[in-house]
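# Results of the structural survey
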Amino acid sequence: MRALTFGGVETVLYDTVPEPAIADEGDALVEVEVAGICGSDLHPYFGRETGLDTGTVLGHEFVGRVVETGAAVRRLRPGARVVSPFTTSCGACFFCRSGLTARCEQGRLFGWVEGGRGLHGGQAERVRVPLADATLVEVPEEVPSELALLAGDVLSTGLFGAEMARAAPGAVAAIVGCGPVGLMAVVGCRQLGAERVLAVDRVAERLRAAERLGAEPIDAGPPDAESKAPDAADPEVTAAVRETTGGRGADAAVEAVGSPAALRLAVELVRPGGTVAAVGVHTAPTLPFSPVEAYDRNLTFRTGRCPARHYLPMALDLLRTGSPDLAPLITHRLPLADGPAAYRLFAERRDGCLKVILLP
Ligand code: NAD
Ligand code: ZN
Ligand code: ZN
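The paragraphs below set out a description of the structure included in this document. Once a new chain begins, its residue numbering starts again from 1 and follows that chain's sequence as written. In the order they appear in the text, chains get letters beginning with A and ligands get numbers beginning with 1. Confidence filtering applies because this is a predicted model: local features only for residues at pLDDT of at least 70, side-chain atom pairs given and counted only at 80 or more, and all residues used for totals across whole chains, interfaces and linings. Note that water and hydrogens are dropped before the side-chain values are worked out from all heavy atoms of the structure.

## Brief notes about the environment of V237
Counted only if it meets this: Numbering of helices and strands runs from the N terminus, with a helix taken as a DSSP run of H or I at least four residues long and a strand as a DSSP run of E at least two residues long. Each residue is assigned to one of three classes by its accessible area relative to the maximum for its type, calculated with a 1.4 Å probe on protein chains only: buried under 20%, partly exposed between the two thresholds, exposed over 50%. Note on contacts: a residue pair is in contact if any heavy atoms of the two residues lie within 4.5 Å.
Counting through the fold element by element, V237 comes out in helix α8 (residues 235–244). You can call V237 buried: its relative accessible area is 2%. Residue contacts for V237: discarding those within four places in its chain leaves V200, I218, D219, A220, L265 and L269.

Written as structure tokens, this is what we have:
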């Protein structure tokens, strides 16, 4: 079959790979209808995250139809339209039962094969899904596949970030980074009743998208600021947030970038006693704030991989209501064969690009 594979730093190949097959009785094979490119795919793409084997089928966001099931699969039948969270989970272990499905004892991340072990991804014609009954969720008829795709990762992650940050009724929340994840954190904070959501980025279209979702945009300045010291925050953004919060700072911050500078900024934006939730994937060995700072300002810091399977029903419910309308988030649709160009477009944030979806 045809698939996008990892060819090394900044190299994605439209490749021919072996057809996936049922390998375990709990598996399902899914024929992919739509696949997404995520900010997380950019970490190995740019070499910030290492270890991924070349030849790995990329991608962890997909919606499609079940075409075959293993003997132990009870709930799902061929023909079912399903969305997958970006990791598999068993539904029965301690972590799954407590809602932390991202840390399932048997869980695996799609699109990550390292040293020959792991799971191929969904930017492909077909994908093997282990633990299918507990992992996959049927898509309600009224939710289009493109939007269901958001529920499998970015929308769930936005809800998770908002909840971790404790964006409660009456709170002022700040979002650092308005990529698909940050924008969904804007939605999450609104859902939880935050009174105001301040959204920081440096890409004009992304700030406009945040504004359409009910946030107050704050421009962090020109893109070349990214080349500053890696853990320097933006003093102008901090000043702007202070000024609009009576000098105090935000109650909650969600960092949705994955860089030391962005996390540093999120820490500076919250008031004493505030909560910082980092949903960006961080690869630095240390935190860009000190224990002294955290103590002196009574900060709470929370982070981690989103248990997307846990948030999926909530995300699908939100999509079913149609409000807010998330369709404008999907700015580009390309055939799977154009995957290498789609990666470049998303990575360079060109052409107003927010979410790129691939059609096998
Ligand atoms: P993206 O690359 O499209 O978006 C990042 C945005 O941050 C861009 O718009 C960029 O302009 C902005 N930005 C960069 N530096 C900034 C700074 N210093 N201040 C303000 N804005 C800044 O990525 P995405 O798809 O939205 O994903 C965001 C992050 O979330 C990534 O690190 C991704 O790996 C991570 N992620 C985590 C989980 C999880 O489970 N925790 C799930 C999905 C994605
Ligand atoms: Zn992702
Ligand atoms: Zn489990």
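Having seen the structure, we can now continue with the description.
## A closer look at unusual backbone geometry
Looking along the chain, the bond that leaves S323 and enters P324 is cis, with omega of 0°. Along the chain, P324 turns up in the loop between α11 (308–321) and β16 (330–335). The backbone of L131 shows a phi angle near 50°, a positive value even though the residue is not glycine. Of note in the backbone geometry, R349 takes a positive phi value of approximately 50° without being a glycine. On the secondary structure map, R349 appears in the loop between α12 (339–347) and β17 (355–359). Judged by relative accessible area, which is 38%, R349 ranks as partly exposed.

## Some thoughts on the packing of helix α5 (residues 154–164) against α11
Keep this limit in mind: Axis definition: a line fitted to C-alpha atoms, limited for helices to the stretch in contact. Angles are taken between N-to-C directions and run from 0 to 180 degrees. Orientation categories follow fixed angle ranges, with anything under 35 degrees roughly parallel, anything over 145 roughly antiparallel, 65 to 115 roughly perpendicular, and all other angles oblique. In this count, Pro and Cys sit with the nonpolar residues alongside Ala, Val, Leu, Ile, Met, Phe, Trp and Tyr, while Asp, Glu, Lys and Arg are called charged and the others, Gly among them, polar.
Running from N to C, α5 and α11 point in directions that differ by 105°, and their axes come no closer than 8 Å. Considering their axes alone, α5 and α11 lie roughly perpendicular with respect to each other. Contact with α5, carried on its side by L155, S156, L159, F160 and E163, involves A308, Y311, L312, M314, A315, L318 and L319 of α11 and no other residues of that element. For the contact of α5 with α11, the class distribution of residues is 10 nonpolar, 1 polar and 1 charged.

## With respect to the coordination of the zinc ion (ligand 2)
The line we're drawing: Donor selection uses N, O and S atoms within 2.8 Å of the metal (3.2 Å for Na, K and Ca). Since no water is included, sites may look incomplete.
All of the protein donors around the zinc ion (ligand 2) are C38 (SG), H60 (NE2) and D153 (OD); their distances to the metal are 1.8 to 2.3 Å. Going along the chain, you hit the donors of the zinc ion (ligand 2) in the pattern C-x21-H-x92-D. Of this pair, H60 sits in the loop between α1 (39–45) and β4 (61–69) while D153 is found in the loop between α4 (145–151) and α5, placing the two residues 93 residues apart along the sequence. Both residues of the pair, H60 and D153, count as buried.

## Describing the site of ligand 1
Here is the rule: Summary of the distance rule: residues count as near a molecule or strand when at least one heavy atom falls within 4 Å of that molecule or strand. What qualifies as a polar contact is a pair of N or O atoms within 3.5 Å, subject to a donor-acceptor requirement within protein and to the restriction that residues adjacent in sequence count only when both atoms come from side chains. Only the protein chains shown count as cover for residues, and the accessible areas themselves come from Shrake-Rupley with a 1.4 Å probe.
Ligand 1 sits among 29 residues. The nearest are S40, H43, D201, V257 and C306. Measuring from an oxygen atom of ligand 1, one finds a side-chain N or O atom of H43 at 2.8 Å. Within the contact set of ligand 1, an oxygen atom lies 3.1 Å away from a backbone nitrogen or oxygen of V281. Considering ligand 1 on its own, with 870 Å² of exposed area, one finds that the protein chains cover 96% of that surface. Elements with a minimum of two residues in the shell around ligand 1: α1, α6 (180–191) and β11 (196–201). Of all the elements, α1 adds the most residues to the shell around ligand 1, at 3 residues.

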